[in-house]
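Geometric and topological summary
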2 protein chains.
Amino acid sequence: MKNKIAKRMEGLKGSVIRAIVDAANKPGIISFANGNPSSETFPIKELAAISSQCLADDCVKVLQYGTAHGYAPLIEILKERLSVKFNLDFKNNALTIVSGATQACDLISKIFLDENDLVITEEPSYASCFNIFRIYGAGLKGVKINEDGIDINELSILLAQEKGVKMLYTIPSFANPTGATASMEKRKELYALAQKHDFFIFEDDPYSELRYHGDPVFPIKSLDIDGRVFYVGSLSKVIAPSMRIGFVVYDKSYMPLFNIAKQTTDVHSNLLAQHIAYNYIAHYNFEKHISFCRQVYRQRCSFMSELLRKHLHPSVELSSPDGGLFIMMLLPSGYDSVEFAMKALDRGVACVPDSGFMIDPDKSSNMVRLCYSTATQKEIEAGVKILGALSYELFG
Amino acid sequence: MKNKIAKRMEGLKGSVIRAIVDAANKPGIISFANGNPSSETFPIKELAAISSQCLADDCVKVLQYGTAHGYAPLIEILKERLSVKFNLDFKNNALTIVSGATQACDLISKIFLDENDLVITEEPSYASCFNIFRIYGAGLKGVKINEDGIDINELSILLAQEKGVKMLYTIPSFANPTGATASMEKRKELYALAQKHDFFIFEDDPYSELRYHGDPVFPIKSLDIDGRVFYVGSLSKVIAPSMRIGFVVYDKSYMPLFNIAKQTTDVHSNLLAQHIAYNYIAHYNFEKHISFCRQVYRQRCSFMSELLRKHLHPSVELSSPDGGLFIMMLLPSGYDSVEFAMKALDRGVACVPDSGFMIDPDKSSNMVRLCYSTATQKEIEAGVKILGALSYELFG
């Protein structure tokens, strides 16, 4: 049969993460690899009660076809919360419910990205979105990310060179994988550059609710006066990922486009999940639940950090995150993260090298991502000791 | 801001259906417009029981991230059912769970359709899929559909003229909107043409379980010996649409492509819905439930058909469907379906003209689709009388 596969699907490089995460799920492997939330944080009893309640009270509405835009009460309660807590403006913006933040990336790319548009991204960053941008024909350029977020100087130089920059992709709070958070000053600089060079900002914000140290910083979207920021949030880390409920906030003039893009992608998101999410947020103590999540991650992070400092060779640097799910190990410069991750995997510990977050997955440097959200205390103790022993062998 | 919207989204014509369906949801309007299943058929009690049971028994599995391919037990039970009832072969084929049949169309188009590929479709047919094919750059050509499915002669002539035909889109059982069902002979002719001219067949099959007269016909996929048929099914019409659970059956060599396409579209489908669907099919009497659905639609169809025959002007012809959700009215030739539908809407009855199912929505002929699944008996009686009176005014 003649060329069967669409060009857009060719040369999508499956990242090294996939292999490691697959291995991480094998029995006997201690996994610091996948970025799943801790199941401790799932409000199981409440969700069980709500789900049967929804189906009892409101069954036809819950089971019949819904609208592409989303379940209106969930939209309203999320808008209210985002305007109060994140200073977002819903006079000029609309909110659409999507099937997880990844779908927001798919819809935004489908609606806005043309063949040969350029997307600038922090690098390393969340590579699944890189593949989505590629599928819709965009080219990618990376900009270094520092402890306080994207490197503005490097970005400015790139913007001076590059024409046709359509969008910038950023995770400004507790970036994946570095854990970096951009200050409000940096967010303002970034927005000013977007205005000057006239590009969109895709603000991916799955983690900001999980801040357990320091003061919250308002999203870039809170600065948006000309409708160029897409703000994407998710309930995956604060309720449960399998519900696949995310949301995208965008200039309301684009609503017809988001509606037709959603209709032609999956018609609408699962309605039972939308009703459950609405009822949980409206009738249970959502803020209290979120602070419980923060407490869980604060404890796990400090527990793992202390063990790492104790057991790792002193030449290995560690990030000290204020939130999110990840600790970064910085190996002695020049040492390759992939080699370290593969050696660790041989000894039964899965962690992810920065190559899994690069535009070119064959490129890597000396960063390794450790996720502290899913392993037990015992596993963390055992796993860190193995990483420590490995570090002394390699760097001692 | 410079050209913001991707070319793929330009010139997507919102169909006249949308306007009519929106109007149909207004209070006081009797709707024969939207193709929703009857809420009578939703197994509400069972789903409520299962949902809380799932969350009680298996909470972490149900709430944590799942795999792109789908929930394994649901995949296995669907495979078993499809091999026994529909004669599908799972030695050579894989099944992926998707978020409704529309998502199967999105994924198939994403994976296989290139700019300027040609998709041939029955016309009139389900126009949302037309828009999905367009979004991925494909051109569309229509082939007339008769009472026994696509017109093979017209198709053969088109295939002799056209190069670069990549895929044929067909709803072989109870087509939307015509209700036509292709015989096994016709399915064999269609498959032979696909082999001769080397194109894919997209077999969209949301309705075949809803046959209430005559004998079932195996899917085209049951004839597929060289992996060129994508078979798409859905639980929307036999359990509940809001669950957004569909499935696609395809040559297993494509599984890595479906996995990466699904990962980069919405990661995976809602897991609670997949667990609910599995448990309902495995532990409740699914076959009995389906025959109940058939009975509901058989009764509604004959009830509405009798009234239509009684009240409509004799120059209006009616389809006599063996299943599905729709009756077609054929207006006297030359009379325009859009004009009729708009006049009917003015009098409080919503039905859909065939222009809503055309490649060019500005084109229409004399077919009007009536859906009998959601209106009450009283509404059907009142609505048909209004259509009858209108028909006598226009054609009497």
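The structure contained in this document is the topic of the report that follows. (Residues numbered from 1 in each chain as written. Chains lettered and ligands numbered in written order. Predicted model: local features only at pLDDT ≥ 70, side-chain atom pairs only at ≥ 80, totals over all residues. Heavy atoms only, no water.)

Residue and element names in this part refer to chain A. What the four strands build is an open sheet, ordered β10-β11-β14-β13; its pairing is antiparallel. With one partner strand each, in any of the chains shown, β10 (317-318) and β13 (352-353) form the two edges of the open sheet. Pairing geometry for β10 and strand β11 (residues 326-330), over two bridges, is antiparallel. The partner of L318 across the bridge, within β11, is M329. (Pairing = 2+ DSSP bridges. Helix = DSSP H or I, 4+ residues; strand = E, 2+ residues; numbered from the N terminus.)

All names here are of chain B. One open sheet holds the four strands; their spatial order is β10-β11-β14-β13, and the pairing between them is antiparallel. Edge strands, defined here as strands with exactly one partner in the open sheet, are β10 (317-318) and β13 (352-353). For β13 and strand β14 (residues 367-371), the ladder comprises two bridges, and the chain directions are antiparallel. Its bridge partner lying in β14, V352 is registered against R369. The sheet contacts of helix α11 (residues 286-311) involve β10, β11 (326-330) and β14, and relative to β11 the element is tilted by about 15°. (Contact = heavy atoms within 4.5 Å. Axes fitted to C-alpha atoms, helices over the stretch in contact; angles between N-to-C directions.)

All names here are of chain A. Summarising the element assignment, E154 is placed in helix α7 (residues 152-161). Along the chain, E154 and K144 lie 10 residues apart, while their C-alpha atoms are 7.2 Å from each other. With near-sequence residues (within four places) excluded, E154 lies in contact with G142, V143 and K144. Of note is the side chain of E154, whose polar atom sits 3.2 Å from the backbone nitrogen of K144. (Polar contact = N/O pair within 3.5 Å; in protein donor to acceptor, adjacent residues only side chain to side chain.)

With that settled, consider the relation of the copies chain A and chain B. Its rotation angle being 180°, the transformation that places chain A on chain B also includes 0.0 Å of axial translation and leaves an RMSD of 0.0 Å. What the rotation and shift describe, once combined, is the action of a two-fold rotation axis. For chain A, the smallest separation between a C-alpha atom and the rotation axis is recorded for S52(A), amounting to 2.9 Å. (Least-squares fit on C-alpha atoms with pLDDT ≥ 70 in both.)

In this fold, S51(A) is placed in helix α2 (residues 44-57). Setting aside residues no more than four positions away along its own chain, S51(A) makes contact with L272(A), I276(A), S51(B), S52(B) and L55(B).

A separate point is unusual backbone geometry. Residue P177(A) follows N176(A) across a cis peptide bond; omega there is 10°. Relative to the assigned elements, P177(A) resides in the loop between β6 (165-170) and α8 (184-197). In this structure, the amide linkage connecting E123(B) to the following residue, P124(B), adopts the cis form with an omega of 5°. With respect to the helices, strands and loops of the structure, P124(B) is situated in the loop between β3 (118-123) and α6 (127-135). Although it is not a glycine, R244(A) adopts a positive phi angle of roughly 55°. Note on R244(A): relative accessible area 5%, which makes it buried. The backbone phi angle of N116(B) is positive, close to 70°, even though this residue is not glycine. (Buried < 20%, exposed > 50% of the residue type's maximum accessible area, 1.4 Å probe, protein only.)

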